[in-house]
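# Examining the three-dimensional arrangement
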Amino acid sequence: AENHWAAVIVEEPIRRVFLYLERHGSISDLDLEAMLGSPRQARQFANRLDDYRSLVPFEVQIEATTNPKIYRKI
């Protein structure tokens, strides 16, 4: 099935973020906070991004020079 890779991400909000990234190409830190529920959850996502990278079929780059930060699919 399409997006079969997403099934390995057990945390539903995290899966939604990566499906969003796949579809739209980027997500801002503010949208990430809204999707995950809090700034704290967004920081945890950023801290665990390396763990998640091995689960998705695309690279994710953080553009920290922008305000808010942008997570971009490469």
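Here, the structure is the one placed above.
In what follows, the accompanying structure is described. Since we're looking at a predicted model, the values are computed, not measured.

## Things to note about the packing of aromatic side chains
Enumeration over the complete set of coordinates arrives at six aromatic pairs. A centroid spacing of 5.5 Å and a plane angle of 45 degrees characterise the contact between Phe18 and Phe45, whose relative ring orientation is tilted. Of the two residues, Phe18 is situated in helix H1 (residues 12–24) and Phe45 in helix H3 (residues 39–47); the sequence distance between them amounts to 27 residues. The exposure class assigned to Phe18 is buried, which follows from its relative accessible area of 0%.

## Details of H1
For H1, which comprises 13 residues, the first-to-last C-alpha distance of 18 Å matches the rise-based estimate of 18 Å (1.5 Å per residue) to within 8%. For H1, every residue scored as buried is listed here: Ile14, Arg15, Val17, Phe18, Leu19 and Leu21. The inward-facing, buried residues of H1 abut strand S1 (26–28), helix H2 (29–36), H3, helix H4 (49–53), strand S2 (60–63) and strand S3 (70–73). Taken from the residues just after H1, Gly25 is the one with a positive phi, measuring 90 degrees.

## Some thoughts on the sheet that holds S3
The strand order across the open sheet built from three strands is S1-S3-S2, with neighbouring strands paired in antiparallel fashion. A strand with exactly one partner marks an edge of an open sheet, and here the two such strands are S1 and S2. On average, adjacent strands in this sheet sit at an angle of 20 degrees to one another, irrespective of strand direction. For S2 and S3, the ladder comprises four bridges, and the chain directions are antiparallel. Counted as the bridge partner of Gln61 is Arg72 from S3. Relative to the sheet, H1 contacts S1, S2 and S3, its axis offset from that of S1 by approximately 120 degrees. Across the sheet, H2 touches S1 and S3, and the angle it forms with S1 is around 85 degrees.

## Looking at the environment of Asp31
With respect to the helices and strands, the residue Asp31 is situated in helix H2. Look at Asp31 and you get partly exposed, because its relative accessible area is 41%. Each C-alpha atom, one on Asp31 and one on Thr65, is 17 Å from the other, the two residues being 34 residues apart in sequence.

Cut-offs and rules
- Residues numbered from 1 in each chain as written.
- Predicted model: local features only at pLDDT ≥ 70, side-chain atom pairs only at ≥ 80, totals over all residues.
- Heavy atoms only, no water.
- Phe/Tyr/Trp six-rings, centres within 6.5 Å; stacked < 30°, edge-to-face > 60°.
- Helix = DSSP H or I, 4+ residues; strand = E, 2+ residues; numbered from the N terminus.
- Buried < 20%, exposed > 50% of the residue type's maximum accessible area, 1.4 Å probe, protein only.
- Expected span 1.5 Å × (residues − 1).
- Contact = heavy atoms within 4.5 Å.
- Pairing = 2+ DSSP bridges.
- Axes fitted to C-alpha atoms, helices over the stretch in contact; angles between N-to-C directions.

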